Amino acid sequence: MGRAWAELLRVSALFSVPGDLLAGATAAGHRPNHRTVIATCASLCLYEAGMALNDWADRDIDAVERPDRPIPSGRIAPATALIAPSRPAGSHRRPPSPRRVA
C-alpha cells in the first residue's frame with residue numbers, strides 16, 4: 001500500500017519543491033529563515049494535495065491510457081485519493097462508516 005501512495009503522490013519529485021522555493025527567495029533578495037521553512041512545508045503539502053487531486057480528476061483517462069496508475073489499478077480507491085489531501089499525514093486509511101444514533 002505504501003508504494004501505491006508514493007506513486008500517487010510522486011514522492012520522487014518532492015525534492016524540486018524546496019529548491020524552487022529557496023531559489024525564489026534568493027532571487028528576491030531574502031535570506032532563508034523560519035518563515036522559509038514554514039513556506040516550504042506549506043508548499044510540499046499543496047504539491048502533494050495537487051498530485052492526489054489531479055490523479056482523481058484524471059482517473060477515467062488513466063483507466064485507458066495508464067491503467068497501472070494507483071487509482072485505475074484499484075490499489076487506491078478514488079474516494080480515498082479524493083479525501084487524502086484533507087487529512088493529516090499518515091492517516092490515509094478510509095474513515096469509519098457513520099453510525100446511526102437510535
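Definitions and limits used
- Residues numbered from 1 in each chain as written.
- Predicted model: local features only at pLDDT ≥ 70, side-chain atom pairs only at ≥ 80, totals over all residues.
- Heavy atoms only, no water.
- Helix = DSSP H or I, 4+ residues; strand = E, 2+ residues; numbered from the N terminus.
- Contact = heavy atoms within 4.5 Å.
- pLDDT = per-residue confidence, 0-100.
- Core = buried A, V, L, I, M, F, W, Y, C linked by side-chain atoms within 4.5 Å.
- Buried < 20%, exposed > 50% of the residue type's maximum accessible area, 1.4 Å probe, protein only.
- Arc of directions from axis to C-beta.
- Salt bridge = Lys/Arg side-chain N within 4 Å of Asp/Glu carboxyl O.
- Expected span 1.5 Å × (residues − 1).

Caption draft 1: Region of the structure containing the overall build of the protein chain. Helix and strand counts for the protein chain stand at 5 helices and 0 strands. Helices and strands appear in the protein chain in the N-to-C order α-α-α-α-α. Sequence separation of at least 24 residues holds for 56% of the intrachain contacts in the protein chain that already meet a minimum separation of 6.

Caption draft 2: Region of the structure containing the confidence of the model for the protein chain. The share of residues in the protein chain with pLDDT of 70 or more is 83%, and the mean pLDDT across the chain is 84. Model confidence for the protein chain, summarised as mean pLDDT per element, is weakest for helix 2 (residues 16-27) at 87 and strongest for helix 4 (residues 59-65) at 95.

Caption draft 3: The nonpolar core, seen in detail. Core analysis: the biggest nonpolar cluster contains 9 residues, these being Ala4, Trp5, Leu8, Leu9, Ala52, Ile71, Ile76, Ala81 and Ala84. Residue contributions to this core peak at 4 residues, all from helix 1 (residues 2-9). Among all residues touching Ala52, those that are not within four sequence positions of it are Leu8, Leu9, Ala81 and Pro85.

Caption draft 4: Quick look at helix 1. Residues of helix 1 that are buried: Ala4, Trp5, Leu8 and Leu9. Taken end-on, helix 1 shows its buried residues confined to a sector of 120 degrees, consistent with a single buried face. Those residues of helix 1 that are exposed and angled more than 90 degrees off the buried face are Gly2 and Arg3. Packing partners of the buried residues in helix 1 comprise helix 3 (34-57) and helix 5 (78-83). Phi turns positive one or two residues past the end of helix 1, at Arg10, with a value near 50 degrees.

Caption draft 5: How the structure looks around unusual backbone geometry. The phi angle at Arg10 is positive, at roughly 50 degrees, despite the residue not being glycine. Mapped onto the fold, Arg10 is located in the loop between helix 1 and helix 2. Relative accessible area serves as the criterion here: at 25%, Arg10 is assigned to the partly exposed category.

Caption draft 6: Region of interest: the pattern of salt bridges. Scanning all chains against the criterion turns up 6 salt bridges. With a closest N to O distance of 2.5 Å, Arg69 and Asp55 form a salt bridge. You can see Arg69 sitting in the loop between helix 4 and helix 5 and its partner Asp55 sitting in helix 3, a full 14 residues away along the chain. Residue Arg69 is classed as buried on the basis of its relative accessible area of 11%. A salt bridge links Asp62 to Arg66; the shortest N-O distance between them is 2.7 Å.

Caption draft 7: Broad picture of helix 2. Helix length check: helix 2, at 12 residues, gives a terminal C-alpha distance of 16 Å against a target of 16 Å (1.5 Å per residue), a fit within 8%. With its phi angle positive at about 85 degrees, Gly29 sits one or two positions after the end of helix 2.

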